[in-house]
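So you can see what is in the structure, the chains are spelled out below.
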Amino acid sequence: MADNETFDWLNPFASIDLDIDARSDGIKQWAIANREAIQPIKNFFGQMIGQIDAALHAVPPTIMLVFLALIAWQLAGGRVAILVAACLIALGLLDPTAWSLAMTTLAIVISAVILCVIIGLPLGILAGKSDRFEAAIRPVLDTMQTIPAFVYLVPVVMLVGIGNVSGVIVTIIFALAPLVRLTSLGIRGVDPSVVEAARAFGASPSQIMFKVELPLATPTIFAGLNQTIMLSLSMVVIASMIAVQGLGNEVLRAMGRLDAGKAIVGGLGIVILAIVLDRITQGLGRSGRERGHRHWWQSGPIGLVLRLLQRSRQETNRSQVQHGEAT
Amino acid sequence: MTGNSREVVIRCDGIWKIFGVQSQQAMDAVRSQGLSKDEIRDRCNCIVGVRDASFSVARGEIFCIMGLSGSGKSTLIRHINRLIEPTAGSVFIEDQNVNAMSQRELRALRAEKIGMVFQNMALMPHRSVRDNVVFALEVRGVAEAERVKVAKRAIDAVELTGWDQKYPDELSGGMQQRVGLARAIAADPTILLMDEPFSALDPLIRRQLQTTFMELSAELHKTTVFITHDLDEAIRIGDRIAIMKDGVLVQIGTPEEIVTQPADDYVADFVAGISKLDLVTAARIMQPFAQYCQANGQTDPGQWPVAKPEDKLNTLVDLAIGTDHPILVKAEGASVGVVTKKALLRGIQGREDVAPATMGAQ
C-alpha cells in the first residue's frame, strides 16, 4: 500500500493503492513458468486444428462447394442449399486466394466449436440441473463474454505462444457462454409434468436425461450452438493479432496498410462464411417434426438416394418375378 | 363391495405430507400439540398437503378419491408410487413397504406394477404414439420386437388402431388421453393410478372415455385409484369413494353410503345435487316387514308389487306407478321389508332418514 499520501475520507480511493495491477501481472510470470505443463494440451489442440485444416484444404474447392451445399440440403432443406452454394461461389470470386483463406478460418472455427461443445454441453446440463452450479457459473460466463479480448490475449500468448492454438483458446473463451446458457435454459424449459411421467414409469435419472430432457431441449441447445458459431467468427480478426492465419489476418494486414479494398474483401469473406454457417445450423435447430415428422435420413439428398435405391430394388424384384413367370 | 373380504393391494397408513422447509418440526408439533392446518401455516410456515390419510384398496377394486382442487388428492395419489415422499406414514403395495424400497426396486415397481394417467396427459412430444405407449417397457430394456407387439395390443385396446406412428400433437385431446391410458396399461401393471384423467376433456368426450375406461377395467380387472373432482364421475366409476377436504379423508364408503349417509355437512352439500334414482337401493329405504305390520295392523301383501332389496329407486318408481299399494321387498322368498309411497318419495329426495318417523306418526 502506498500510504505516503494523506488519507482523505471524502476521497479515500486516491490514497489507497492495493497494487492489483502489479500483482495481476504475476499471471504472466506464472504463465511463462508453466509453459511446459500446458504442452500436451497444446499439442492436442495443434494436431486437431492441423488435421481439420489439412482436410479442408485437401478437398478441391468445387467438390467442397458441392459437398457443403449437399450438407445444407440435408440439414436445412433445398432453399438453404441454393443460398449456400451461391454464397460459396461469391466467396470464391472475391479473390483468387479467398477460398484457401476461408478454409483456414473455417478450420479454426470448427475446432473452437467442437471444443466448445465438449466443454459447454456438460456444463450447461449441470447448470440446468443445479441452481447452485448455475449461480456459481453465471459470473464466470458473464466475465468471459464481456471482458475485452485484449486482456486475455497476452496471458494466453505467454502460456501457449502465438499461433492457431492460442487463437482457438481465446475464441473458446469468448464463444463458450451462449452454449452453456442456452443448454441450461433448454433443460430448465422441459415440461416438468413430462419428466414426472417418465419418473412414474420407472425411468432412471440418466434415462430421463437422455430420453426426455436432452431431446426436448435440443432446439434450444442448437440455438446456443448457432450463437457460439457466430461469436467464434466474430473473434477471427482479434485472434489474427496473435498470428492466426486466414481471412482475419487478411483484414488485419489490410488495416495496417490502410488498404481498404483488401479489408473489404477479407471482411466480406467472413460475412459470407457467417451466413453459410448460420443458415446450416439454424436448419439443425428445426426438429424433424417440423419437416413433416420424418427421420432426418428420409429427406434431403440421402432420402433421395435411399428412395432411388428402393425403387430400383423393387424393379429388379419385379423383373425377376416376371422372369420367373416367363420361364 | 368393501375391501375387507378381498386381498388388499394398496394400503396407506397414516400418510402425512407437510410442504415446507421445516416440515419435520411441523410434523413433531402436530404430534405433540395437535396443531390445525392454519396453526401449522402460521407457526411453521408450512403447508399441510395430506393429513393423516389411511385407506386400503382391494384387488380389482376401483377406489375414487373425490375432492375440490387444492384438497390434496393429487398429492395423496403420488405417494402411492412415491413420486412424493410422505412426511410421516407409509404405503404398502402387496404388503411391501414402498417407502423402504431402494431407488432400483422403486423403479422396477413403477415400471412393472404401476401405470399412471395424468390430467394433462404428459405425453412426450418428441415420441410417436407407439414409443410413448411402450416407454415403461423401454426403460426396463424390453426388446424392440416385444415392444411392438405390446404397443399394438395396448393401442388397439383404447381404439386407436392405426395411429401408432403419429405424434401426440397431431391427436385431439381425447385421443391423447387414450394414448395416456394405453401407456398406463401397456406394461400390464397390477395397479392403475388415474390423476383426474378426464377432467381436461369436454363432457361428451369425457363420457366416451369413461365408458372406454370402464370396459377396459371390467376386462383387465386392475386395482385402480381414481382421482376426480366430479362426484358424478366418482359415482359412475367407483366401487368406493373417498371424499377429501383440506388434506383430510372426510369419508370413505360406497357411492350409496356417501349419498345417503354423508358424514358431515361438507359431504352432504356435495351430494345434495346428486340424483339418487340409480344409486339408492330398496334395502336402504324400506321399513322392516314386521315393523310395518305392527304399525298398520295385519295386511295382505298378495297384490303388492314385489322388489328385490338391491333394486334401485328407478325400478321401484316403475313398480309404484302401476298400483296404489306399497311395494313388498322380498329376499330369497321371504318378505323382508316394505317401501311405502312416502318412503319412496323421501328416498328420491334423499331424506329417507325422516321416513320412519313419519311412518310412526301414522
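The rules we used
- Residues numbered from 1 in each chain as written.
- Chains lettered and ligands numbered in written order.
- Predicted model: local features only at pLDDT ≥ 70, side-chain atom pairs only at ≥ 80, totals over all residues.
- UniProt positions renumbered as here; feature names shortened; annotations may be inferred.
- Helix = DSSP H or I, 4+ residues; strand = E, 2+ residues; numbered from the N terminus.
- Rg over C-alpha atoms; globule rule 2.2 N^0.38 Å.
- Buried ≥ 20, exposed ≤ 12 C-beta atoms within 10 Å, placed from the backbone.
- Contact = placed C-beta atoms within 7 Å.
- Nonpolar A, V, L, I, M, F, W, Y, C, P; charged D, E, K, R; others polar.
- Pairing = 2+ DSSP bridges.
- Right-handed = clockwise from strand over helix to strand, strands pointing away.
- Domains from an automatic or database assignment.
- Axes fitted to C-alpha atoms, helices over the stretch in contact; angles between N-to-C directions.

As annotated in an unreviewed UniProt entry, chain A carries the name ABC transporter permease subunit and is attributed to Allomesorhizobium camelthorni. In its Sequence similarities (unreviewed entry) section, the UniProt record describing chain A reads: "Belongs to the binding-protein-dependent transport system permease family."

Undergrad: Looking at this structure, I do not really get the overall build of chain A. What am I missing?
TA: Within chain A one finds 15 helices and zero strands. Relative to a compact globule of 327 residues, whose C-alpha radius of gyration would be 20 Å, chain A shows 26 Å and is clearly more extended. Within the span of chain A, comprising 327 residues, buried residues form 35% of the whole. The contacts of chain A with a sequence gap of at least 6 include a subset with a gap of at least 24, amounting to 73%.

Undergrad: It is not clear to me how the UniProt feature "domain: ABC transmembrane type-1" (unreviewed entry) in chain A should be interpreted in this structure. Could you clarify?
TA: Mapped onto this numbering, the UniProt entry gives "domain: ABC transmembrane type-1" (unreviewed entry) at residues 102-281 of chain A. Spanning residues 102-281 of chain A, this segment combines 87% helix with 0% strand, and its end C-alpha atoms are found 18 Å apart.

Undergrad: Can you walk me through the interface of chain A and chain B in this structure?
TA: Interface extent is often summarised as the accessible area lost during association of the parts. On the side of chain B, 17 residues touch chain A, which itself brings 16 residues to the contact. Elements that contribute at least two residues to the side of chain A that touches chain B include exactly α10 (192-200) and α11 (205-234) of chain A. Counting residues per element, the side of chain A that touches chain B draws most heavily on α10(A), at six residues. Of the residues that constitute the side of chain A that touches chain B, the class distribution is eight nonpolar, five polar and three charged.

Undergrad: When you look at unusual backbone geometry in this model, what are you seeing that I'm missing?
TA: The phi angle of most residues is negative, glycine excepted, and most peptide bonds adopt the trans form. Residue and element names in this part refer to chain B. Positive phi, normally seen in glycine, also occurs at E196, with a value near 45 degrees. Within the secondary structure, E196 is located in the loop between β7 (191-195) and α9 (203-220). When the 21 C-beta atoms within 10 Å are taken as the criterion, E196 is described as buried. The phi dihedral of H221 falls on the positive side, at around 60 degrees, and the residue is not glycine. Tracing the backbone shows H221 in the loop between α9 and β8 (223-228).

Undergrad: Can you help me understand the pairing of strand β3 (residues 62-66) of chain B in this one?
TA: Consecutive side chains of a regular strand alternate in pointing toward one face of the sheet and then the other. All names here are of chain B. For β3, a buried count of five out of five residues is recorded, marking the element as mostly surrounded by other parts of the structure. Residues I62, C64 and M66 point to one face of β3 and F63 and I65 to the other, with burial holding for every one of them. With four bridges connecting them, β3 and strand β9 (residues 240-245) associate as parallel partners. For M66, the partnering residue across the bridge sits in β9 and is I243.

Undergrad: What exactly am I supposed to notice about the pairing of β8(B) here?
TA: Residues and elements named next belong to chain B. Burial runs high along β8: six of the six residues are buried. Alternating residues of β8 divide into T223, V225 and I227 and T224, F226 and T228, and every residue in both groups is buried. Judged from the five bridges that link them, β3 and β8 form a sheet pairing that is parallel. Looking across to β8, one finds that C64 is bridged to F226. Bridge count for β7 against β8 is five bridges, and the pairing is parallel. The partner of L193 across the bridge, within β8, is V225. Between the parallel elements β7 and β8, the chain passes through α9 in a crossover that is right-handed.

Undergrad: Honestly, the domain arrangement of chain B in this entry has me stumped. Any pointers?
TA: What the domain assignment reports for chain B is domain 1 (59-75 + 98-113 + 189-271) and domain 2 (282-361). Relative to domain 2 of chain B, the C-alpha centre of domain 1 of chain B lies at a distance of 33 Å.

Undergrad: Mind showing me how you'd approach helix α13 (residues 247-256) of chain A here?
TA: One turn of the α-helix equals 3.6 residues, which is why residues spaced by three or four share an orientation. Those residues of α13(A) lying buried are A:L247, A:G248, A:N249, A:E250 and A:V251. Within two residues after α13(A), A:L258 carries a phi angle of roughly 55 degrees, on the positive side.

Undergrad: Explain the domain arrangement of chain A to me, please; I cannot follow it from the model alone.
TA: Structurally, chain A comprises domain 1 (36-188 + 218-291) and domain 2 (294-327). Taking only C-alpha atoms, the centre of domain 1 of chain A and the centre of domain 2 of chain A are 41 Å apart.

Undergrad: What exactly am I supposed to notice about the sheet that holds strand β1 (residues 8-19) of chain B here?
TA: Sheets are built from strands paired through backbone hydrogen bonds, the pairs being either parallel or antiparallel. Residues and elements named next belong to chain B. Read from one edge of the open sheet, four strands run β2-β1-β4-β5, paired in antiparallel fashion. Both edges of this open sheet fall to β2 (47-58) and β5 (96-97), since each of them pairs with a single strand only. The pairing of β1 with strand β4 (residues 88-93) spans five bridges and is classified as antiparallel. By the bridge assignment for β4, I10 is matched with I93. Its contacts with the sheet place helix α3 (residues 73-80) against β1, β2 and β4, and it is angled at close to 125 degrees to β1.

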